[in-house]
Amino acid sequence: MTSWTDPTSPLPLLFRRRSSGEIRNLASVSSSILPAFGTVVDEGHLQLKKFVIAPYDRRYRWWQAFLVLLVIYSAWASPFELAFKKVATGSLMPVDLVVDAFFAVDIVLTFFVAYLDKSTYLLVLDHKKIALRYVISIYFAMDVVSTLPIQLMYRMFTGNSHYAQVFGFLNLLRLWRLRRVSELFKRLEKDTRFSYFWIRYIKLICVTLFAVHSAGCFYFWMATHHKTLSNTWIGTEVNDFEHKSIWLCYTYSIYWATVTLTTVGYGDLHAVNLGEKIFSIFYMLFNIGLFAYLVGNMTNLIVHSAVRTLFMRDAINEIFRYARKNRLPEGLKEQMLAHMQLKFKTAELQQEEVLEDLPKAIRSSISQHLFRRTVEKTYLFKGVSEHLTVQLASEMKAEYFPPKVDIILQNEIPTDFYILVFGALDVLKYKNGTEQFFSKLGSADLVGEIGVFFNTPQPFTVRTKKLSQVIRISHHHFKEMVQPQNEDGMIMIKNFIQHLKDLKQEMLQEIPFLTEFLDELNIEHIQANENTQYNALTNFHGDTNMEETNETSTPGAITLRVIIHGHHPDEGDTNGKLIHLPESMEDLLRLAEKKLGKRGSTVVMADGSQVEELDALRDNDHLFIF
């Protein structure tokens, strides 16, 4: 295995850990060198051999960027010099020599640039191996051929300054350098510092301009080399065009290439002889593919930028259709629309969507950063261990709610409880057809825990007062985390009981079983019997009195909870008492007499079937004793 101290390994040479505040953009790293998560290129840590250049060295990157500018010039000059040979031997020749000199320097530098061995993932620093790899590759041969000033060398050796057509075609070898532009665009598309839309847009423009420029120049070259100049596409419009201004002829060429590419075809410039017609056929066939490429890419970019808006509109239309079909009230429809709009506005902030593809450790760290302080401030978790706090914060799921939306409905089945991160909540209760306000909750307040802990329908409706973010946890996950934590369980039950004592009197009056529970609760007994506290919390016992169901059993031995009623199932009264199921039928009848205030002899289920054996009962069954 490669050691971290191996000087040829890219790991110690490329990367070292930094704090989150020091992380830089990694887009400058070559796609063949993949950095690890949370690492950055550290040029000060490089320990390369003498006269060896790192491929990710910032100075070498700037050199490559400078060469891209020269490539753009070469891409324009090569077809232009083919069509207009005057400039090839005149004003552009010194510029070509300077550009070629820079690329010659780059050829020399390439013999000193280390490369990554794909089989061992090690940087090769040996000069001989670097040089051999470059020489035997096609890149060396093409770089040399596209850089040699062949026309100048021909003039120096022969003394002949005549510009042969072969030199014009040899100059087209300089288009080999365009691969550098392609590599640049690939890096920029992955660089998050730049807009992907505009990078792709600029790339499409460059491809279009190069296609138009090349086609126009080659079409003009065909006209200049036809045996009858007047029988050409430009000769029919411009007499004696070979003696006209270069830029005038170039304008005509670009005009023809543009109207043909865009399929406009005004007809003023058109193919005249057979060669021009054949070239036009192939150019138009090429334009079909190019046009499809351009339209497809532009459509994809535009649709991608508006896809979220499109999905939002579709979702809203679905809500309208659903509400209209089911004749939902206007207020409920407005709540649905508000929630859907908020979902799309906060899509980038939704914890689930952003974190679902990240490793669990990173998700946990982010949750700690976002929610740990809120969890620590919540009354139920004050004083618990750091270990449990970390688990709780990691399991919390974040949600946003718009104003005037119900988070918890009165009498709904308890499955989760919520902690308010920011915003405001109102605690309400519907009574006698009216809505009664009880309290307002703020940051770090807990809601829904009474229904969850006692396993009873939620006693209150909780509604957002303004835009609010809450974090929630299901009672199932909460139970799994708390069960192994005996001491934390006792702390939480004490906090919970103290919270119940601090509730407003009007709220306690709306929850009869809480009043009964607090009246019968023996604080000294609970403090002495710590296991009772722990089991009451971790098992979510629903017995409102939280006391032993008989003299011989303890809460720790109880496995089932049932709801008892003192009437026949058909009488319609739904109020009942949640108890721990005793061991025998006699104990059940005796406990029912104590709880309901009357003696019964018959036990039936909600469907009227009579209960003969307690072993057939399940958790949360309703028993009717009369």
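Residues numbered from 1 in each chain as written. Predicted model: local features only at pLDDT ≥ 70, side-chain atom pairs only at ≥ 80, totals over all residues. Heavy atoms only, no water.

What should I look at first to understand the overall build of the protein in this one?
Helix and strand content of the protein: 24 helices and 16 strands. Here the protein holds 626 residues, and 43% of them are scored as buried. Of the contacts made within the protein by residues no fewer than 6 positions apart, 66% connect residues no fewer than 24 positions apart. Just so you have it, the protein exposes about 34,700 Å², and 58% of that area is on carbon and sulfur atoms. (Helix = DSSP H or I, 4+ residues; strand = E, 2+ residues; numbered from the N terminus. Buried < 20%, exposed > 50% of the residue type's maximum accessible area, 1.4 Å probe, protein only. Contact = heavy atoms within 4.5 Å. Areas by Shrake-Rupley, 256 points an atom, 1.4 Å probe, with all protein chains shown as cover.)

So what exactly am I meant to see when it comes to a nonpolar patch on the surface here?
Taken together, the side chains of Leu274, Ile278, Ile281, Phe282, Leu285 and Ile288 make up a nonpolar region of the molecular surface, amounting to roughly 660 Å² of accessible area. For Ile288, the location among the structural elements is in helix H12 (residues 274–326). For Ile288, a relative accessible area of 57% translates into the label exposed. (Patch = residues over 30% accessible without salt bridge, like charges linked within 9 Å, V, L, I, M, F, W, Y side chains within 5 Å. Salt bridge = Lys/Arg side-chain N within 4 Å of Asp/Glu carboxyl O.)

Help me out: how do you make sense of the packing of helix H10 (residues 196–224) against helix H11 (residues 246–261) in this one?
Between two packed helices, both the angle of their axes relative to each other and the distance between the axes serve to describe the pair. Orientation of H10 relative to H11, taken along the N-to-C sense of each, is 120 degrees, at an axis distance of 8 Å. Compared by their axis directions, H10 and H11 come out oblique. Handedness of the crossing formed by H10 with H11: right-handed. Note on element contacts: H11 touches H10 through Cys249, Tyr250, Ser253, Ile254, Trp256, Ala257, Thr258 and Leu261, opposite Thr208, Val212, His213, Ala215, Gly216, Cys217, Tyr219 and Phe220. Residue composition of the contact of H10 with H11, grouped by class: 11 nonpolar, 5 polar and no charged. (Axes fitted to C-alpha atoms, helices over the stretch in contact; angles between N-to-C directions. Parallel < 35°, antiparallel > 145°, perpendicular 65-115°, else oblique. Left-handed = near helix turned anticlockwise from the far one by under 90°. Nonpolar A, V, L, I, M, F, W, Y, C, P; charged D, E, K, R; others polar.)

Explain the side chain of Thr461 to me, please; I cannot follow it from the model alone.
Within the secondary structure layout, Thr461 lies in strand S11 (residues 461–464). The class for Thr461 is buried, based on a relative accessible area of 1%. At 3.0 Å, the side chain of Thr461 forms a polar contact with the backbone nitrogen of Gln410. Beyond its immediate sequence surroundings of up to four residues, Thr461 is in contact with Asp406, Ile408, Leu409, Gln410, Asp426, Val427, Leu428 and Tyr430. (Polar contact = N/O pair within 3.5 Å; in protein donor to acceptor, adjacent residues only side chain to side chain.)

Even after reading the chapter, I still don't get the environment of Val603, so can you show me in this structure?
Relative to the helices and strands, Val603 is located in strand S15 (residues 603–604). Leave out the neighbours within four places in its chain, and Val603 touches Met585, Leu588, Leu589, Ser609, Gln610, Val611, Leu623, Phe624 and Ile625.

Would you mind showing me how to read the UniProt feature "transmembrane region" (unreviewed entry) in the protein here?
Within the UniProt annotation, "transmembrane region" (unreviewed entry) is assigned to residues 60–77, 97–116, 136–154, 197–221, 245–266 and 278–296. Secondary structure over residues 197–221 splits into 100% helix and 0% strand, and the C-alpha atoms at its two ends are 36 Å apart. (UniProt positions renumbered as here; feature names shortened; annotations may be inferred.)

Looking at this structure, how should I read the packing of helix H9 (residues 178–190) against H10?
The N-to-C vectors of H9 and H10 enclose an angle of 160 degrees; their axes lie 9 Å apart at closest approach. It follows from the interaxial angle that H9 and H10 lie roughly antiparallel. In this structure, H9 crosses over H10, and the sense of that crossing is left-handed. Residues Leu178, Phe185, Leu188 and Glu189 of H9 pack against Tyr196, Ile199, Arg200, Ile202, Lys203, Cys206 and Phe210 of H10. Its residues placed into classes, the contact of H9 with H10 shows 8 nonpolar, no polar and 3 charged.

Where do I start with the nonpolar core in this structure?
Within soluble globular proteins, side chains that are nonpolar generally end up buried alongside one another. One finds Leu380, Phe381, Ile450, Phe478, Phe496 and Leu514 to be the most contacted residues of the largest nonpolar core, which totals 49 residues. Setting aside its immediate chain neighbours within four residues, Leu514 contacts Ile450, Phe454, Leu500, Leu503 and Leu508. (Core = buried A, V, L, I, M, F, W, Y, C linked by side-chain atoms within 4.5 Å.)

Can you help me understand the environment of Pro457 in this one?
With respect to the element layout, Pro457 can be found in the loop between helix H17 (449–454) and S11. The sequence separation of Pro457 and Gln410 amounts to 47 residues, and the corresponding C-alpha distance is 7.3 Å. Setting aside anything within four residues of it in sequence, one finds Pro457 in contact with Asn411, Glu412 and Pro414.

Help me understand the sheet that holds strand S16 (residues 622–625), please; the structure alone is not making it clear to me.
Strand order in the open sheet formed by 4 strands is S14-S13-S16-S15, with mixed pairing between adjacent strands. Each of the sheet's edge strands pairs with one partner strand only, and the pair in question is strand S14 (577–580) and S15. Of the pairings in the sheet, the one linking strand S13 (residues 561–565) to S16 comprises 3 bridges and is parallel in character. Within S16, the residue paired with His565 across the bridge is Phe624. (Pairing = 2+ DSSP bridges.)

Mind showing me how you'd approach the sheet that holds strand S6 (residues 406–408) here?
Backbone-to-backbone hydrogen bonds pair the strands of a sheet. The strands run either parallel or antiparallel. Pairing is antiparallel across the open sheet formed by 4 strands, whose spatial order is S6-S11-S8-S9. Of all strands in the sheet, those with a lone pairing partner are S6 and strand S9 (434–441), marking the two edges. Strand-to-strand twist across the sheet, computed as the mean angle between neighbouring axes with direction ignored, equals 35 degrees. Summarising the sheet, strand S8 (residues 425–431) and S11 pair through 4 bridges and their orientation is antiparallel. By the bridge assignment, Asp426 is partnered in S11 with Arg463.

Mind showing me how you'd approach helix H2 (residues 58–83) here?
Because the α-helix completes a turn every 3.6 residues, residues three or four places apart line up on one side. When the terminal C-alpha atoms of H2 are compared, their 39 Å separation across 26 residues agrees well with the 38 Å that a helix rising 1.5 Å per residue should span. The N-terminus of H2 is capped by Asp57, whose side-chain oxygen sits 2.8 Å from the backbone nitrogen of Arg59. (Expected span 1.5 Å × (residues − 1).)

Is there a simple way to think about unusual backbone geometry in this case?
Glycine aside, the phi torsion of most residues is negative, and most peptide linkages are trans. For Arg327, which is not glycine, the phi dihedral falls at a positive 55 degrees. Structurally, Arg327 is set in the loop between H12 and helix H13 (330–345). Judged by its relative accessible area of 76%, Arg327 falls in the exposed class.

What is the right way to read the pattern of salt bridges from this model?
Pairs can form between side chains of opposite charge once their charged atoms are near each other. Scanning all chains against the criterion turns up 17 salt bridges. Arg174 serves as the salt-bridge partner of Glu81, at 2.9 Å between the closest nitrogen and oxygen. A residue pair is termed long-range when its members are at least 10 positions apart, and Glu81 in helix H2 and Arg174 in the loop between helix H8 (165–171) and H9 qualify at 93 residues. Arg174 shares its class with Glu81; the two are buried.

What's the story with the environment of Ile254 in this structure? I'm lost.
Structurally, the position occupied by Ile254 is in helix H11. Sequence-wise, Ile254 and Cys217 are 37 residues apart; in three dimensions their C-alpha atoms are separated by 7.8 Å. Those residues in contact with Ile254 that lie beyond four places of it in its chain are Val212 and His213.

I tried to follow the packing of aromatic side chains on my own but got confused; where do I start?
Note on aromatic pairs: each is described by the distance of the centres and the angle between the planes. All told, the structure shown has 36 aromatic pairs when counted by the stated rule. When the centroid spacing of 5.2 Å and the interplanar angle of 80 degrees are considered together, the rings of Phe80 and Tyr250 count as edge-to-face. Of this pair, Phe80 sits in helix H2 while Tyr250 is found in helix H11, placing the two residues 170 residues apart along the sequence. Of the two residues examined, Phe80 and Tyr250, each falls in the buried class. Centroid distance Phe218 to Phe279: 5.4 Å. Interplanar angle 40 degrees. Geometry classified as tilted. Residue Phe218 is located in helix H10, and its partner Phe279 is located in helix H12; the two are separated by 61 residues in the primary sequence. (Phe/Tyr/Trp six-rings, centres within 6.5 Å; stacked < 30°, edge-to-face > 60°.)

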